[in-house]
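Structural description and commentary
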Amino acid sequence: MRNVVLIGFMGTGKSVVGRRLARELSFRFIDTDRWIEEKTGKKISEIFSEEGGERRFRDLESEAVREIVRQEGLVISTGGGALLNRSNQALLSEKGLLVWLKARPDMILKRAQKRPGERPLLKVTDPLGEIKRLLEEREPYYQSAVFSMDTSDRTISEVVSQIKERVLEIEGKKDPSSFG
Ligand code: S3P
């Protein structure tokens, strides 16, 4: 079956949900941000603060997408801006089932503040306003997903089992061990 690709804004639970979902489906888990950090030996925040900053990061992100989609049997967690690039969007939806994770802006801020410094795009004077602005700008891109799920008021287990159920329904198979 196709890869499962988690898309959506930062702080919506893509990494934590993706890891658990992969385990449930007996798939491997890959996170585009971690791929970039391993490849460069640098933290995402370092890449943003160096010369070239976000532009360099976006190039690396596209490279990560191109490399990762060559494989199958994956749950892929993407960075919140990955879908804004047309070729990333085309490749990810061609090779996978896009699932959009959502959360309310206040929840996103709360989650982002748990690990300050890891979200360079939110290093601004009004992070909540920035979250709302970016969400509005990005929503049309995230809408290319096959379905969405709001993680604001659900536990990780609930989100994982509901996504699993929907994915298996869509793929028309109930037993992951029978994926051909
Ligand atoms: C970004 C989201 C981050 C990371 C980078 C840029 C974005 O990933 O890729 O800081 O543009 O929204 P997460 O969505 O995993 O936090």
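Here, every reference points to the structure presented above.
As a starting point, this report considers the structure included with it.

About the cut-offs
- Residues numbered from 1 in each chain as written.
- Predicted model: local features only at pLDDT ≥ 70, side-chain atom pairs only at ≥ 80, totals over all residues.
- Heavy atoms only, no water.
- Helix = DSSP H or I, 4+ residues; strand = E, 2+ residues; numbered from the N terminus.
- Buried < 20%, exposed > 50% of the residue type's maximum accessible area, 1.4 Å probe, protein only.
- Pairing = 2+ DSSP bridges.
- Axes fitted to C-alpha atoms, helices over the stretch in contact; angles between N-to-C directions.
- Contact = heavy atoms within 4.5 Å.
- Near = heavy atom within 4 Å.
- Polar contact = N/O pair within 3.5 Å; in protein donor to acceptor, adjacent residues only side chain to side chain.
- Areas by Shrake-Rupley, 256 points an atom, 1.4 Å probe, with all protein chains shown as cover.
- 1 Å grid on protein atoms, 1.4 Å probe; cavity = no way out; pocket = protein on both sides within 12 Å on 5 of 7 lines; lining within 4 Å.
- Sits in = over half its atoms within 2 Å of the grid points.
- Parallel < 35°, antiparallel > 145°, perpendicular 65-115°, else oblique.
- Left-handed = near helix turned anticlockwise from the far one by under 90°.
- Nonpolar A, V, L, I, M, F, W, Y, C, P; charged D, E, K, R; others polar.
- Salt bridge = Lys/Arg side-chain N within 4 Å of Asp/Glu carboxyl O.

Remarks on the environment of Leu168
Note that Leu168 resides in helix α8 (residues 156-171). Given the relative accessible area of 7%, Leu168 is considered buried.

Points about the sheet that holds strand β3 (residues 74-77)
Overall, parallel pairing links the 5 strands, which are arranged β2-β3-β1-β4-β5 in an open sheet. Lying at the two open borders of the sheet, with one neighbouring strand each, are β2 (28-31) and β5 (147-150). Neighbour to neighbour, the strand axes of the sheet diverge by 25 degrees on average, direction disregarded. Where strand β1 (residues 3-7) meets β3, 3 bridges bridge the pair, whose relative direction is parallel. When the sheet's bridge partners are listed, Leu6 is paired in β3 with Ser77. The sheet strands contacting helix α2 (residues 32-40) are β2 and β3, and the helix crosses β2 at an angle near 70 degrees.

Thoughts on the site of the ligand
The immediate surroundings of the ligand are formed by 14 residues, with Lys14, Asp33, Arg58, Gly80 and Arg138 found nearest. At 2.7 Å from an oxygen atom of the ligand is found a side-chain nitrogen or oxygen belonging to Arg58. Between an oxygen atom of the ligand and a main-chain N or O atom of Gly80, the distance comes to 2.9 Å. In isolation the ligand offers 380 Å² of accessible surface; the protein chains occlude 96% of this area. In this structure the site holding the ligand corresponds to the largest pocket.

A closer look at the packing of helix α4 (residues 53-68) against helix α5 (residues 86-95)
Orientation of α4 relative to α5, taken along the N-to-C sense of each, is 20 degrees, at an axis distance of 10 Å. The angle between α4 and α5 places the two elements in the roughly parallel class. Classified by chirality, the crossing of α5 by α4 is left-handed. Between α4, through Ser62, Val65 and Arg66, and α5, the contact on the second element is made entirely by Asn88, Leu91 and Leu92. Residues belonging to the contact of α4 with α5 are distributed by class as follows: 3 nonpolar, 2 polar and 1 charged.

Section: the packing of α2 against α4
The interhelical angle for the contact between α2 and α4, taken along N-to-C directions, is 105 degrees, at an axis separation of 9 Å. On the basis of the axis angle, α2 is roughly perpendicular to α4. Of the residues in α4, those touching α2 at Thr32, Asp33, Trp35, Ile36, Lys39 and Thr40 are Arg56, Phe57, Leu60, Glu61, Glu63, Ala64, Val65, Glu67 and Ile68. Residues that form the contact of α2 with α4 fall into these classes: 7 nonpolar, 2 polar and 6 charged.

What to know about the pattern of salt bridges
Within this structure, the stated rule accounts for 14 salt bridges. With its nearest N and O atoms 2.9 Å apart, the salt bridge here joins Arg58 to Glu54. Within this pair, Arg58 and its partner Glu54 are both found in helix α4, separated by 4 residues, close to a single helical turn. Connected through salt bridges with shared partners, the residues Asp31, Arg34 and Glu37 form a single ionic network.

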